[in-house]
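In case you want the letters, here they are:
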Amino acid sequence: MPKASEIKKNAAIEHNSKVYLVKDINKLTPSGRAGASLYRMRLYEVATGVKADESFKADEVINLAEFYRRKVTFSYVDGTEYVFMDNEDYTPYSLDKESIAEELLFIDEETQGLQVLIVDGKPVGIELPPSVELVITETDPSIKGASASARTKPATLSTGLVVQVPEYISTGEKIKINTAEQKFTSRA
């Protein structure tokens, strides 16, 4: 079992009998000589997505959780369940709409690079690729002669996500979106 100082980002750990994903780690070093380093971790509960901030001493032992990722593609909607199909063995994984509401803003039938997170044989979440390509369904008309670094305007995408795009982008275009920052990066 690793010590707190050996834990990396995106690791799955067990803490207070719950499974968490480590999203961010800050090392705090006290100014006194005898003080031990503290590791402040931003954790997200895998099952519910609830955020928790915890501090661990550098030599504190942490239990790693059994979890793995499988590459999937979005298949269909069954009521409030979203079904994703495993790319290798075609196993269907169902996830409740509420548990993946934020991720659904980036997912359509063509989204590539999705992964389902599985803990104890049960799907608990979706991991998005770094960027996705989506079609603009509604935006103000493009302005002829607008420069690339000029002002931006809001654009509604096919999934309902609203992002700021440059003025030269028009309705019907496919664009790349950075999933971490929820920002326009380029035309697709």
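Residues numbered from 1 in each chain as written. Predicted model: local features only at pLDDT ≥ 70, side-chain atom pairs only at ≥ 80, totals over all residues. Heavy atoms only, no water.

K.L.:
Pulling in residues and values, what's your account of the overall build of the protein?
P.N.:
A tally of regular secondary structure across the protein gives one helix and 15 strands. In terms of C-alpha radius of gyration, the protein reaches 20 Å, well past the compact-globule figure of 16 Å for 188 residues. Here the C-alpha coordinates of the protein stretch approximately 65 × 45 × 25 Å along the principal axes. A total of 188 residues make up the protein; the buried ones form 35% of that total. Restricting the contact set of the protein to residue pairs at least 6 apart, pairs at least 24 apart contribute 40%. Side chains of the protein give 23 positive and 29 negative charges; the mean places of these two sets differ by 9 Å. (Helix = DSSP H or I, 4+ residues; strand = E, 2+ residues; numbered from the N terminus. Rg over C-alpha atoms; globule rule 2.2 N^0.38 Å. Buried < 20%, exposed > 50% of the residue type's maximum accessible area, 1.4 Å probe, protein only. Contact = heavy atoms within 4.5 Å. Lys, Arg positive; Asp, Glu negative; His and termini not counted. Charge placed at Lys NZ, Arg CZ, Asp CG, Glu CD.)

K.L.:
Provide a residue-level description of the sheet that holds strand S14 (residues 174-178), including the pertinent values.
P.N.:
With antiparallel pairing, five strands are arranged side by side in an open sheet as S13-S12-S11-S14-S15. The outermost strands of the open sheet, each flanked by one partner alone, are strand S13 (162-166) and strand S15 (183-187). Sheet twist, expressed as the mean angle between neighbouring strand axes with direction ignored, is 55°. Two elements, strand S11 (residues 131-139) and S14, share five bridges in a ladder whose sense is antiparallel. Bridge pairing links Val132 to Ile177 in S14. (Pairing = 2+ DSSP bridges. Axes fitted to C-alpha atoms, helices over the stretch in contact; angles between N-to-C directions.)

K.L.:
Describe the environment of Tyr82, and please don't skip the residues or the numbers.
P.N.:
Inspection of the secondary structure assignment puts Tyr82 in strand S7 (residues 81-86). Placed 13 residues apart in sequence, Tyr82 and Leu95 show a C-alpha to C-alpha distance of 5.3 Å.

K.L.:
Tell me about unusual backbone geometry, residues and numbers included.
P.N.:
In this structure, Ser17 is a non-glycine residue whose phi angle is positive, near 55°. Mapping Ser17 onto the fold places it in the loop between strand S1 (12-15) and strand S2 (18-28). Residue classification places Ser17 among the exposed residues on the basis of a relative accessible area of 74%. Unusually for a residue other than glycine, Tyr90 sits at a positive phi of about 60°.

K.L.:
Could you give an account of the pattern of salt bridges, with specific residues and numbers?
P.N.:
Opposite charge on two side chains allows them to pair when their charged atoms are near. Applying the stated criterion to the full structure yields eight salt bridges. For Arg70, the salt bridge is made with Glu88, and the minimal N-O distance between the two is 3.7 Å. Of the two residues, Arg70 is situated in strand S6 (residues 67-78) and Glu88 in the loop between S7 and strand S8 (92-96); the sequence distance between them amounts to 18 residues. Linking Asp89 and Arg70 is a salt bridge whose minimum nitrogen-to-oxygen distance equals 3.8 Å. Here Asp89, found in the loop between S7 and S8, pairs with Arg70, found in strand S6; they are 19 residues apart in sequence, far enough to count as distant. We classify Asp89 as partly exposed; its relative accessible area is 45%. Note on Arg70: relative accessible area 22%, which makes it partly exposed. When salt bridges that share partners are traced, they join Arg70, Asp86, Glu88 and Asp89 into one network. (Salt bridge = Lys/Arg side-chain N within 4 Å of Asp/Glu carboxyl O.)

K.L.:
Quick one: what's the story with the packing of aromatic side chains, residue by residue and with numbers?
P.N.:
Per the counting criterion, the structure on display carries two aromatic pairs. Relative to Tyr82, the ring of Phe74 lies with its centre 5.8 Å away and its plane at 35°, an arrangement referred to as tilted. In this structure Tyr82 comes out as buried when scored by relative accessible area, which is 15%. Counting every residue linked through ring pairs, the aromatic cluster contains Phe74, Tyr82 and Phe84. (Phe/Tyr/Trp six-rings, centres within 6.5 Å; stacked < 30°, edge-to-face > 60°.)

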